[in-house]
Amino acid sequence: MSPAEMMKTQLPHVRFLINEPLSKHTTFRVGGPADVMAFPKNEEEFVSLFALAKKEAIPVTVIGNGSNLIVKDKGIRGLTIVLGEDFSGIAVNDTEITASSGELLSKIARTAYNHSLTGLEFASGIPGSLGGGMAMNAGAYGGQLSDVCVSARVFDPETGEIKEYPACELELGYRTSMPLKTGRIVTSAKFRLKEGDKEVILKTMEDLNAKRREKQPLAYPSAGSTFKRPEGYFAGALIESANLKGASIGGAQVSALHAGFIINTGNATAKDILDLIHHVQKTVFEKHGVHLETEVRILGE
């Protein structure tokens, strides 16, 4: 019996796909096949998948909405667990919102607006899901999740247990967190917001999203900002001053609209994108003496 058949037999309620192209599950639209892909609907199914994989010595990779991800062209071996649309849910209690990690940040922000709650407007245009957003402490336009986070439920692959941590123990920093540093996985998070004026909240969201449309290459597949902001600099400005705006390798291109974005012009491979990233890093270092760290997560073979 193959690992896929064994998992299907033991966990009949979980949806599985075999040899599924990751290009269908990343916003960059690149990536080879996942040997086995699973879509748990709740924490119980998620923990069971991990336990089974551990027992059978099958490697496990966890992804969310695939919006901050480059998967290499040969794909991912073992089991890929997707905490996406199946693993979603939002609950509102007074000024607090609790959401599962598969929920889109934009939908959580919209839910806050629907309940006249302010504090998540910055997240209304972020394309990622909550799990990845918490791992990276996602932020935009002066706001970040750490500003409003109360706590999160976090799975530890070593112990197989889920524990709730207060925000102060999550070590939420600039594009980093305790879960990211330790390989743990956020399964849900709670946010405390403030009562606000619905019209003002909507106006703020519309203004931020208009800025995003004007300044970011949203017409092309990408993973958002490719590089972290180096201390004292802006990645896009460094890249632009190194005359790299519009530079391309294969189907990958440094956006002519915003140099901080690498885009897929239509037929890029993961190798094209990674080669272009390395070219940008090398050129910027030679010109400015600054090493650009990638903000995107790179997985696979």
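See the structure above.
Calculation criteria
- Residues numbered from 1 in each chain as written.
- Predicted model: local features only at pLDDT ≥ 70, side-chain atom pairs only at ≥ 80, totals over all residues.
- Heavy atoms only, no water.
- Helix = DSSP H or I, 4+ residues; strand = E, 2+ residues; numbered from the N terminus.
- Rg over C-alpha atoms; globule rule 2.2 N^0.38 Å.
- Buried < 20%, exposed > 50% of the residue type's maximum accessible area, 1.4 Å probe, protein only.
- Pairing = 2+ DSSP bridges.
- Axes fitted to C-alpha atoms, helices over the stretch in contact; angles between N-to-C directions.
- Contact = heavy atoms within 4.5 Å.
- Core = buried A, V, L, I, M, F, W, Y, C linked by side-chain atoms within 4.5 Å.
- Expected span 1.5 Å × (residues − 1).
- Arc of directions from axis to C-beta.
- Phe/Tyr/Trp six-rings, centres within 6.5 Å; stacked < 30°, edge-to-face > 60°.

A. Geometry of the overall build of the protein. Assigned secondary structure in the protein consists of 8 helices and 19 strands. Here the C-alpha radius of gyration of the protein, 20 Å, is about what a compact globule of 301 residues would show, namely 19 Å. Each of the three principal axes of the protein carries a C-alpha extent, and together these read 55 × 50 × 30 Å. Burial analysis of the protein (301 residues in total) assigns 48% to the buried set.

B. Fine view of the sheet that holds strand β3 (residues 60–63). With mixed pairing, 4 strands are arranged side by side in an open sheet as β1-β2-β5-β3. Looking at the sheet topology across the chains shown, the edges are occupied by β1 (15–21) and β3. Across the sheet, the mean angle from the axis of one strand to that of its neighbour is 30°, orientation sign disregarded. Alignment of β1 against strand β2 (residues 33–39), held across 6 bridges, turns out to be antiparallel. Directly across from P21, in β2, lies its bridge partner P33. Each of β1, β2 and β5 (76–82) touches helix α1 (residues 3–10); the most contacted strand, β1, lies at about 160° to it.

C. Main features of the environment of P230. Along the polypeptide, P230 turns up in the loop between β15 (222–225) and α7 (235–241). A residue is classified by how much of its surface remains accessible, and P230, at 12% relative accessible area, is buried. Spatially, the C-alpha atoms of P230 and H291 are 7.8 Å apart, while their sequence positions differ by 61 residues. With residues near it in sequence (within four places) discarded, P230 still touches A235, L238, V290 and L292.

D. Local environment of helix α3 (residues 105–114). Buried residues of α3: L105, I108, A109, T111, A112 and Y113, and no others. Packing partners of the buried residues in α3 comprise β6 (90–93), β7 (96–100), β8 (117–118), α4 (130–135) and α6 (198–215). Two residues or fewer after α3 comes S116, characterised by a positive phi angle close to 55°.

E. Highlighting the nonpolar core. Counting residues in each nonpolar core, the largest one holds 28 residues, and the members touching the most others are L120, L130, M134, L145 and F191. Of all the secondary-structure elements, those providing two or more residues to this core are β7, α3, α4, β11 (149–156) and β13 (185–192). The biggest single contributor to this core is α3, with 4 residues. Setting aside chain neighbours within four positions, we find L120 in contact with I108, A109, L145, V148 and L193. Counting residues in hydrophobic clusters, the runner-up holds 26 residues, among them F227, L244, V254 and A259.

F. The arrangement of α6 in detail. Across its 18 residues, α6 extends 26 Å between first and last C-alpha, which sits within 8% of the 26 Å expected from 1.5 Å per residue. Inspection of α6 places I201, M205, L208, N209 and R212 among the buried residues, and these make up the whole buried set. Along α6, the residues classed as buried sweep out an arc of 95° about the axis, all on the same side. Along α6, the residues that are exposed and aim more than 90 degrees away from the buried face are E199, V200, R213 and E214.

G. Structural view of the packing of aromatic side chains. On inspection of all chains with the given rule, the structure shows 4 aromatic pairs. Ring plane angle 65° and centroid distance 6.3 Å describe the contact between F46 and F87, whose orientation is recorded as edge-to-face. Within this pair, whereas F46 is found in helix α2 (residues 43–55), its partner F87 is found in the loop between β5 and β6, the two being separated by 41 residues in sequence. Each member of the pair, F46 as well as F87, carries the same accessibility label: buried. Between F50 and F155, the aromatic rings sit 4.8 Å apart at their centres with planes inclined by 50°, giving tilted as the arrangement.

H. Region of the structure containing the sheet that holds strand β17 (residues 252–254). Spatial strand order, β15-β18-β17-β16: 4 strands in an open sheet with antiparallel pairing. The sheet terminates laterally at β15 and β16 (248–249), the two strands that pair on one side only. Across 3 bridges, the pairing between β17 and strand β18 (residues 261–264) is antiparallel. Its bridge partner lying in β18, A252 is registered against N264.

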